[in-house]
Amino acid sequence: MSRPCVVLLPGLLCDAAVWRAQTAALDFADCVVPSYGAAASIDEMARGVLASVAAPRFSLAGHSMGGRVALAIASMAPERVERLALLDSGMEPIAAGEAGVQERDKRMALLHKARHSGMRAMGEQWARGMVHPDRLDTPLFGEVLDMVARFTPELFAAQIEALLNRPDAAPVLQNLHCPLLLACGRQDSWSPLSRHERMQQLCPGAQLVIIEDSGHMSTMEQPAQVSRVLAAWLGR
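The shown structure was predicted, so the numbers you read here are calculated from the model rather than taken from an experiment.

1. Let's talk about the environment of V172
Phase 1 of the analysis: By secondary structure assignment, the location of V172 is in helix α8 (residues 170–174).
Phase 2 of the analysis: A residue is classified by how much of its surface remains accessible, and V172, at 18% relative accessible area, is buried.
Phase 3 of the analysis: The spatial distance from the C-alpha of V172 to the C-alpha of M91 is 9.0 Å, given a sequence separation of 81 residues.

Okay, structure coming up:
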């Protein structure tokens, strides 16, 4: 029997390190962690992933912004996606009115800091909301900062542009024809459980799993829990 292909999509300012534990745990599969390069839209990221994955069909998991890319892929090439998993992610476009203005201003302020103080200094501020409070200033928090520091302000700007212009993915969830897993850290304040519950309502057959004792970076904060959930999603 041929080995299954699993495509693992990282989120904002994340690379293969965010999926390192899962890639090791899912050793029965061929795991692919694409890079988005300088892509500056969710759709451009999705097209790049589709072009880079040789397998005609694959299981697809996306973390955070990677979940939005996964939904775009499921919309563009549903015939290639066997099953879908969205971890600590979302579906909504940028909010209208003042809320959207505030999001834009906060993201642009972080970009300004990255350009003038460096990516790691920006990460020290940004990543504090990304992990469970108990993991601030721990070695794991240092790993997150190391990952952020591997990016440049130019790549950060491209990913910010993609997120500020993100599409409304609710119609994709409503029309999804493959099995869907939703997973969320219990203490994820960036993409909270309530958002995943709304996503499940749009796709009633979806399974929702809570990753206990975890913030937004669930794949790194609770690697064993997430790996078990993904192995079960893959039928192992």
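2. Comments concerning the packing of helix α5 (residues 119–126) against helix α6 (residues 139–149)
Phase 1 of the analysis: The interhelical angle for the contact between α5 and α6, taken along N-to-C directions, is 135°, at an axis separation of 8 Å. Relative to α6, the element α5 is oriented oblique. In the packing of α5 onto α6, the handedness of the crossing is right-handed. Contact residues: α5 offers M119, R120, M122, G123, E124 and W126, while α6 offers F141, G142, L145, D146, V148 and A149.
Phase 2 of the analysis: Taken together, the residues of the contact of α5 with α6 break down into 7 nonpolar, 2 polar and 3 charged.

3. Points about the sheet that holds strand β4 (residues 81–87)
Phase 1 of the analysis: One open sheet accounts for 6 strands, arranged β2-β1-β3-β4-β5-β6; its pairing is parallel. Here the strands that pair on one side only, and so sit at the sheet edges, are β2 (30–32) and β6 (207–211). Strand after strand, the sheet turns through a mean of 20° between neighbouring axes, direction not considered.

4. What to know about the nonpolar core
Phase 1 of the analysis: In terms of nonpolar packing, the biggest core is built from 85 residues, with I73, L84 and F156 touching the most fellow members.
Phase 2 of the analysis: If one sorts the elements of this core by residue count, helix α3 (residues 65–76) sits on top with 7 residues.
Phase 3 of the analysis: Discounting residues that sit within four places of it in the chain, L84 has contacts with L60, A70, L71, A74, L176, C178, P179, L180, L181 and W233.

5. Comments concerning the pattern of salt bridges
Phase 1 of the analysis: Tallied over the full model, the rule gives 13 salt bridges.
Phase 2 of the analysis: Across the pair E103 and R107 runs a salt bridge whose closest N-O atoms are separated by 2.9 Å. Residue E103 and its partner R107 are both found in helix α4 (residues 97–117); the two are separated by 4 residues, about one turn of the helix. Each member of the pair, E103 together with R107, is buried.
Phase 3 of the analysis: What emerges from the salt-bridge pattern is a single network uniting R57, E82 and R83.

Thresholds applied
- Residues numbered from 1 in each chain as written.
- Predicted model: local features only at pLDDT ≥ 70, side-chain atom pairs only at ≥ 80, totals over all residues.
- Heavy atoms only, no water.
- Helix = DSSP H or I, 4+ residues; strand = E, 2+ residues; numbered from the N terminus.
- Buried < 20%, exposed > 50% of the residue type's maximum accessible area, 1.4 Å probe, protein only.
- Axes fitted to C-alpha atoms, helices over the stretch in contact; angles between N-to-C directions.
- Parallel < 35°, antiparallel > 145°, perpendicular 65-115°, else oblique.
- Left-handed = near helix turned anticlockwise from the far one by under 90°.
- Contact = heavy atoms within 4.5 Å.
- Nonpolar A, V, L, I, M, F, W, Y, C, P; charged D, E, K, R; others polar.
- Pairing = 2+ DSSP bridges.
- Core = buried A, V, L, I, M, F, W, Y, C linked by side-chain atoms within 4.5 Å.
- Salt bridge = Lys/Arg side-chain N within 4 Å of Asp/Glu carboxyl O.

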